[in-house]
Amino acid sequence: MGEAMRIICGISARNDAILRITDTLRHLGHEVALVSTDDFQDDCPYVWKKLDEFGFHYKRNQYIGERKRKIFSLLDSFRPDCILFINIAKHILSLQEMQQAAKKTRIVTWFVDSVAKHLDELDYIRCCHSVYVFERSDVNVLQAHGIQSSYCPVGYNCDYVRAAERPKEDIDIAFVGSPFRNRLQILEQVAEYADDHALEMQVHGIYYDRRYFWKKFFFRRKYPHLARKVVNRYLASSEAASLYQRTKICLNIHAVQHRGMNPRSFEILAVGGFELMDRRDDYVDGMFPGKHFEIYGSTEELLGKIAFYLQENEERRRIAEAGYAFTVGKMSIAKGLERILQESVASALPDKKLSGA
């Protein structure tokens, strides 16, 4: 496990719920102080949001000030070995404050979004002692701006554990994720195919705002087949793990800006699920389409492979088993965090030595 560290973890509530970063750090034996890096507009009541939009920024300033004071108070009282930011917290700290924090402790950032979304934060990134990116191509993006970084894919969290006994596969097709435009278009066609072939299909996520009845109405008009498959609520990772194990074909449709493999790639495999994902420009070293998972390049190819693998049970399970054997243990978020702390913190602190788990 290695020697315990004191870590300030700056992460949004959504990312922590999905990735379980703080829970994983504590499980690894580290002492963790959590600082929320949610944007005010994403975390405040509706009234405050509207007042802020009309120029009344008192609540925003109060919100940011509380988090800022917490960081600097912890730097003095908690005396952390590092601050670990999951994405940069530009909307919490000013550049000058980021520079001040970097003088007090090591700052490490792990990007779990594409760096292309953070190019306005380059000066903040330069304050970091170590930078990790979850897309290999982002190493070159930052290199072009004179910033050194390391590739570290974001794997599966501790909730993704395969059941001792294989559950009954009572779902033909499943998808868990947010309703990006490219996903909606593909899922509507898959849902129509499922209707035509009497297949059990489930799609989980927040696809419309349930507070307003007309949101559901317009969603059903635009995506009539998909609307019948949607379970319109957030699915906890433990629930997603159970869903994947009950499903014959687990879909993974990446956001268009991503070139590599997202965390869902490993979550499905970590519980022994069969994964059918859109073709990637880059795969994790040692992982291969057709061996550890299956891929598609067009909606027509996707539907063809759904039909094929629903019939070929043995081949589907062979690929799922190979994906599980490669992924479990090796591609966990715990492994990624251990590597990051060893390379970026422990190696720089003579009294901190981490052993691999």
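Residues numbered from 1 in each chain as written. Predicted model: local features only at pLDDT ≥ 70, side-chain atom pairs only at ≥ 80, totals over all residues. Heavy atoms only, no water.

We now examine empty space enclosed by the protein. Evaluation of the coordinates by the stated rule reveals 2 cavities of 30 Å³ or more. Looking at the largest cavity, its volume works out to about 60 Å³. Taken together, Arg166, Glu169, Tyr244, Gln245, Thr247, Lys248, Gly272, Gly273, Phe274, Arg316, Arg317 and Ala320 form the lining of the largest cavity. Among the elements of the structure, helix H12 (237-246), strand S10 (247-252) and helix H15 (313-327) are those that each provide at least two residues to the lining of the largest cavity. Looking at the lining of the largest cavity, the element that brings in the most residues is H15, giving 3 residues. (1 Å grid on protein atoms, 1.4 Å probe; cavity = no way out; pocket = protein on both sides within 12 Å on 5 of 7 lines; lining within 4 Å. Points joined across faces, edges and corners; volume = space filled by probe spheres on them. Helix = DSSP H or I, 4+ residues; strand = E, 2+ residues; numbered from the N terminus.)

With that settled, the discussion passes to the environment of His129. Topologically, His129 is positioned in the loop between helix H7 (122-126) and strand S5 (130-133). Residues His129 and Val345, spaced 216 residues apart in sequence, show a C-alpha to C-alpha distance of 9.1 Å. If sequence neighbours within four positions are ignored, His129 has contacts with Ala102, Thr105, Arg106 and Ile107. (Contact = heavy atoms within 4.5 Å.)

Here we come to helix H16 (residues 333-344). Taking 1.5 Å as the rise per residue, H16 with 12 residues should run 16 Å; its terminal C-alpha atoms sit 16 Å apart, in good agreement. Within H16, the full set of buried residues consists of Ile333, Gly336, Leu337, Glu338, Ile340, Leu341 and Ser344. Along its buried surface, H16 packs onto strand S1 (6-11), helix H1 (13-19), helix H2 (21-27), strand S3 (82-86), strand S4 (106-111) and S5. (Expected span 1.5 Å × (residues − 1). Buried < 20%, exposed > 50% of the residue type's maximum accessible area, 1.4 Å probe, protein only.)

Together, Tyr46, Val47, Trp48, Leu51, Phe54 and Phe56 line one region of the surface with nonpolar side chains, adding up to about 700 Å² of accessible area. Turning to its location among the elements, Trp48 is positioned in helix H4 (residues 46-53). (Patch = residues over 30% accessible without salt bridge, like charges linked within 9 Å, V, L, I, M, F, W, Y side chains within 5 Å. Areas by Shrake-Rupley, 256 points an atom, 1.4 Å probe, with all protein chains shown as cover. Salt bridge = Lys/Arg side-chain N within 4 Å of Asp/Glu carboxyl O.)

Further remarks concern the sheet that holds S4. Here 6 strands make up an open sheet; going across it, the order is S2-S1-S3-S4-S5-S6 and the pairing parallel. Edge positions in the sheet fall to strand S2 (31-36) and strand S6 (150-151), since each of these pairs with one other strand and no more. Examined bridge by bridge, S4 and S5 share 4 bridges and lie parallel to one another. Bridging from a neighbouring strand, Trp110 pairs with Tyr132 of S5. Taken strand by strand, H16 contacts S1, S3, S4, S5 and S6, and its axis lies near 145° from that of S4. (Pairing = 2+ DSSP bridges. Axes fitted to C-alpha atoms, helices over the stretch in contact; angles between N-to-C directions.)

Moving on, we come to the packing of aromatic side chains. Per the stated rule, a full pass over the model turns up 10 aromatic pairs. Residues Tyr208 and Phe219 carry aromatic rings whose centres are separated by 5.5 Å and whose planes lie at 45° to one another, so their mutual orientation is tilted. Within this pair, whereas Tyr208 is found in the loop between strand S8 (201-204) and helix H10 (213-222), its partner Phe219 is found in helix H10, the two being separated by 11 residues in sequence. Just as Tyr208 is buried, Phe219 falls in that class too. Arranged with centres 5.4 Å apart and planes meeting at 70°, the rings of Phe217 and Phe218 form a pair that is edge-to-face. Looking at Phe217, the relative accessible area reads 46%, which means it is partly exposed. Owing to a relative accessible area of 48%, Phe218 belongs among the partly exposed residues under this scheme. An aromatic cluster of three or more residues is present, and its members are Tyr207, Tyr208, Phe219 and Tyr223. One residue, Arg67, lies across the ring of Tyr63, its end atom 3.6 Å from the ring centre. (Phe/Tyr/Trp six-rings, centres within 6.5 Å; stacked < 30°, edge-to-face > 60°. Lys NZ or Arg CZ within 6 Å of the ring centre and 35° of its normal.)

Here we have 6 strands laid out as an open sheet, ordered S9-S8-S7-S10-S11-S12, and parallel in their pairing. Every other strand in the sheet has two partners, leaving strand S9 (230-231) and strand S12 (294-296) as the edge strands with one partner each. Pairing of strand S7 (residues 171-176) with S10 involves 3 bridges; the strand directions are parallel. Directly across from Ile173, in S10, lies its bridge partner Ile249.

Moving on, we get to the pattern of salt bridges. According to the stated counting rule, one finds 28 salt bridges in the structure shown. The residue Asp76 makes a salt bridge to Lys104 at a minimum N-O spacing of 3.5 Å. Of this pair, Asp76 sits in helix H5 (residues 58-77) while Lys104 sits in helix H6 (residues 95-104); the two residues are 28 residues apart in sequence, bridging distant segments of the chain. The class for Lys104 is partly exposed, based on a relative accessible area of 47%.

It is worth stressing that arrangement in space is one thing and function is another; only the former is reported here.
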